[in-house]
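Close look at the chain arrangement
Spelled out, the chains give:
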Amino acid sequence: MSVWRNAAIVLAVLCCTEAPRLLAAESAVKSETAAAVPAWLEAKIGGLTTAQRDFLLSDDAAGFAGTRGRLYQRLQQKSPEEIAAYVDGMMSVKQAEKFNAATDMAVVQLNTESPEFNSWKVRRPASFNPKRDPGPFSLNYYANGRGGIKTFAGAPVAVYPEDLVAGKVDVAIVGAPLDMGSYYRGQRFGPMAMRNEYGAGGIDMNTMVNPSKELNIVDYGDIAIDNMSTERTVHHVRERIAEIARTGALPFIVGGDHSLEYPNIAGLADVHGKGSFGVVHFDAHFDAGKDQPHFITHGQPVYRAVKEGHVEARNFIQVGLRGPWPGAEGFEWMRNNGMRYHTMAEVEKRGWDAVMKRALAEAREGGRKIYISFDVDVLDPAFVPGTGTPVPGGLTMREALPIVRRLCAENDLVGFEIVELDPLLDGTYRSALNANFIMHACLTGVAMRRKGITDPGFLSELTTEHLQPEAGIKGAKDGKAEKIDPDYASGRRTGNGPDQFEQR
Ligand SMILES: [Mn+2]
């Protein structure tokens with residue numbers, strides 16, 4: 001049977017690189033077994049060869065019609081000869097889909113003769129720069145944080161690892177404008193859009209903690225991207241993420257498409273150790289695709305990171321999955337490998353509070369460090385229309401903010417990424433604004449931890465309790481509470497300038 005043939009190929013190819021657990025799961029993925037062959041069909045297929053018969057009874061054949069039942073329905077009116085021809089047709093399609101060394105081009109080689117082969121990623125020699133002491137520096141002309149050049153969270157800038165070390169930097173926010181791993185491009189403009197929009201810095205009203213004050217945060221510029229090659233890019237991103245982690249700073253990566261999750265996790269594993277941290281992956285999609293012609297795309301980083309052992313599947317938590325992908329196979333792969341998943345279907349079943357509680361408990365389990373991968377498409381398209389693969393029925397900002405803040409406050413973090421923001425698809429400010437607030441929620445969590453605030457679900461007493469006697473609320477009895485100035489309430493008109501939000 002082709003299932004067993006496939007399993008044998010998987011075994012042969014992966015024997016020397018895969019963990020045994022993973023192998024067991026790979027061969028267990030295809031669960032649909034050939035039901036008993038109906039008598040009318042048995043009577044017509046006596047003349048098939050063993051290969052033809054095995055194929056007809058395989059999941060591959062059933063896949064042509066969607067289900068085995070529908071395939072048999074298609075064959076019901078056919079003669080034995082027509083059935084044999086139909087099976088040959090299906091087998092020829094499956095064969096033609098595979099790589100053929102005689103006719104296919106597996107790769108266009110890179111031009112290693114090019115004198116510019118590495119020009120995109122050569123580090124600028126120190127001697128090219130004016131003399132300065134290493135450390136972060138402000139790009140603002142004005143003392144209140146205005147002017148100069150826009151940065152992530154209005155933070156000062158650092159350029160080299162020496163700056164991170166000298167400045168005792170806690171968080172290095174770095175752009176990675178790669179979008180070649182996605183069929184719907186434009187994520188390369190994500191970092192620029194988030195720098196241009198407010199929301200990543202300043203005080204958090206839920207906790208009254210200001211990450212811009214508690215932490216040394218810098219804008220660490222953008223990592224060089226070869227947007228002609230995802231493969232070359234992810235290799236360099238991995239080096240740069242490891243370089244940041246080695247200084248002791250937390251990398252906060254702003255994508256870019258979700259291919260980045262693979263080099264980000266791999267780079268962190270290079271420093272912290274393989275399998276030493278868990279991952280919480282927020283996404284409408286499970287991104288553990290495999291068997292695709294390109295080994296790395298924005299649909300496959302999870303499979304790759306797990307397959308190479310940078311993170312163990314049982315320490316991987318998925319949140320927000322919905323839509324048509326994956327099918328049962330993908331869920332079985334996750335299940336068989338010990339992965340935790342929390343779909344929007346589960347949210348429908350248990351409610352968000354219960355699902356959030358489960359995910360938070362799973363993240364804390366074992367006390368290991370965590371990495372957070374936040375694909376903005378986990379949010380409902382109402383909040384983030386600016387993304388290439390939106391799926392309705394997603395998280396609201398009010399659901400996403402507390403779980404991200406709590407994950408970052410209640411666990412030791414190794415890093416954070418926010419990916420798939422495509423500002424070209426959103427003519428408004430809202431996608432970038434929401435992305436900044438998600439990053440801010442995590443920065444707030446890191447700052448809370450720094451201050452020793454790690455109580456589960458901590459909220460500021462000052463901002464959640466007004467402490468006035470109930471009877472004293474003006475208009476409370478007749479239901480007409482006093483209205484406040486909407487411009488003032490929006491937070492955009494405080495009269496104190498942008499430093500209120502962004503600057504330390
Ligand atoms: Mn994704």
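Below is a short write-up of the structure. (Residues numbered from 1 in each chain as written. Predicted model: local features only at pLDDT ≥ 70, side-chain atom pairs only at ≥ 80, totals over all residues.)

A few words now on the overall build of the protein. Along its length, the protein carries 21 helices and eight strands. Buried positions account for 41% of the 504 residues belonging to the protein. Restricting the contact set of the protein to residue pairs at least 6 apart, pairs at least 24 apart contribute 77%. (Helix = DSSP H or I, 4+ residues; strand = E, 2+ residues; numbered from the N terminus. Buried ≥ 20, exposed ≤ 12 C-beta atoms within 10 Å, placed from the backbone. Contact = placed C-beta atoms within 7 Å.)

Turning our attention to the environment of Ala158. Take Ala158: it is sitting in the loop between α7 (80-97) and α8 (161-166). Residues Ala158 and Val169, 11 residues apart in the sequence, show an inter-C-alpha distance of 9.1 Å. When residues no more than four places from it in sequence are discounted, the contact partners of Ala158 are Pro136, Asp163, Leu164, Gly167, Val169, Ala172, Val218 and Tyr220.

Let us now look at the nonpolar core. Counting residues in each nonpolar core, the largest one holds 102 residues, and the members touching the most others are Val171, Ala172, Ile173 and Val404. Ranked by residues supplied to this core, first place goes to helix α18 (residues 430-450) with 11 residues. With near-sequence residues (within four places) excluded, Val404 lies in contact with Phe374, Ile438, Ala441 and Cys442. Counting residues in hydrophobic clusters, the runner-up holds six residues, among them Phe55, Leu56, Ala61 and Ile83. (Core = buried A, V, L, I, M, F, W, Y, C linked by C-beta atoms within 7 Å.)

In space, the eight strands of this open sheet follow the order β2-β1-β3-β8-β7-β4-β5-β6, with parallel pairing throughout. Where the open sheet ends on each side, the last strands, each with one partner, are β2 (217-222) and β6 (340-343). Each neighbouring strand pair of the sheet contributes to a mean axis angle of 15 degrees, computed without reference to strand direction. As judged from the six bridges shared by strand β1 (residues 171-176) and strand β3 (residues 250-255), these two strands associate in the parallel manner. Within β3, the position partnered with Ile173 by the bridge is Phe252. The strands that helix α12 (residues 261-272) touches are β3, β4 (277-282), β7 (369-375) and β8 (413-419); relative to β8, the one it contacts most, it runs at about 170 degrees. (Pairing = 2+ DSSP bridges. Axes fitted to C-alpha atoms, helices over the stretch in contact; angles between N-to-C directions.)

Close contact between helix α16 (residues 352-364) and helix α17 (residues 397-410) brings their axes to 11 Å; oriented N to C, the two are set at 20 degrees. The orientation of α16 with respect to α17, classified from their angle, is roughly parallel. As for how α16 packs across α17, the hand of that crossing is right-handed. From α16, Trp352, Met356, Ala359, Leu360, Ala363 and Arg364 reach across to α17, where they touch Glu399, Ile403, Arg406, Leu407 and Glu410. Grouping the amino acids of the contact of α16 with α17 by side-chain chemistry returns seven nonpolar, no polar and four charged. (Parallel < 35°, antiparallel > 145°, perpendicular 65-115°, else oblique. Left-handed = near helix turned anticlockwise from the far one by under 90°. Nonpolar A, V, L, I, M, F, W, Y, C, P; charged D, E, K, R; others polar.)

Taking 1.5 Å of rise per residue, 14 residues should cover 20 Å, and α17 covers 20 Å from first to last C-alpha, within 8% of that figure. Counted residue by residue, α17 has 11 buried out of 14 residues, so it is predominantly covered. For α17, the elements touching its buried residues are β4, α16, β7, β8 and α18. (Expected span 1.5 Å × (residues − 1).)

Next up on the list: the packing of α17 against α18. The interhelical angle for the contact between α17 and α18, taken along N-to-C directions, is 30 degrees, at an axis separation of 7 Å. As the angle between them shows, α17 and α18 are arranged roughly parallel. As for the relative orientation of α17 and α18, their crossing is right-handed in sense. For the pair formed by α17 and α18, the contact residues are Met397, Ala400, Leu401, Val404, Arg405, Arg406, Leu407, Cys408 and Ala409 on the first element and Asn434, Phe437, Ile438, Ala441, Cys442, Thr444, Gly445, Val446, Met448 and Arg449 on the second. In terms of residue class, the contact of α17 with α18 is built from 13 nonpolar, three polar and three charged.

Next up on the list: the environment of Leu425. Turning to its location among the elements, Leu425 is positioned in the loop between β8 and α18. Leu425 sits 41 residues away from Val384 along the chain, and the two C-alpha atoms are 9.5 Å apart.

So, on to the pairing of strand β5 (residues 316-321). The element β5 is largely enclosed, with a buried count of six among its six residues. Note: β4 against β5, four bridges, orientation parallel. Of the residues in β5, the one forming a bridge with His281 is Gln318. Note that the unit made of β4, helix α13 (residues 301-307) and β5 has a crossover that is right-handed. Examined bridge by bridge, β5 and β6 share four bridges and lie parallel to one another. Bridging from a neighbouring strand, Ile317 pairs with Arg340 of β6. Tracing the backbone out of β5, into helix α14 (residues 328-336) and back to the parallel element β6 gives a crossover that is right-handed. (Right-handed = clockwise from strand over helix to strand, strands pointing away.)

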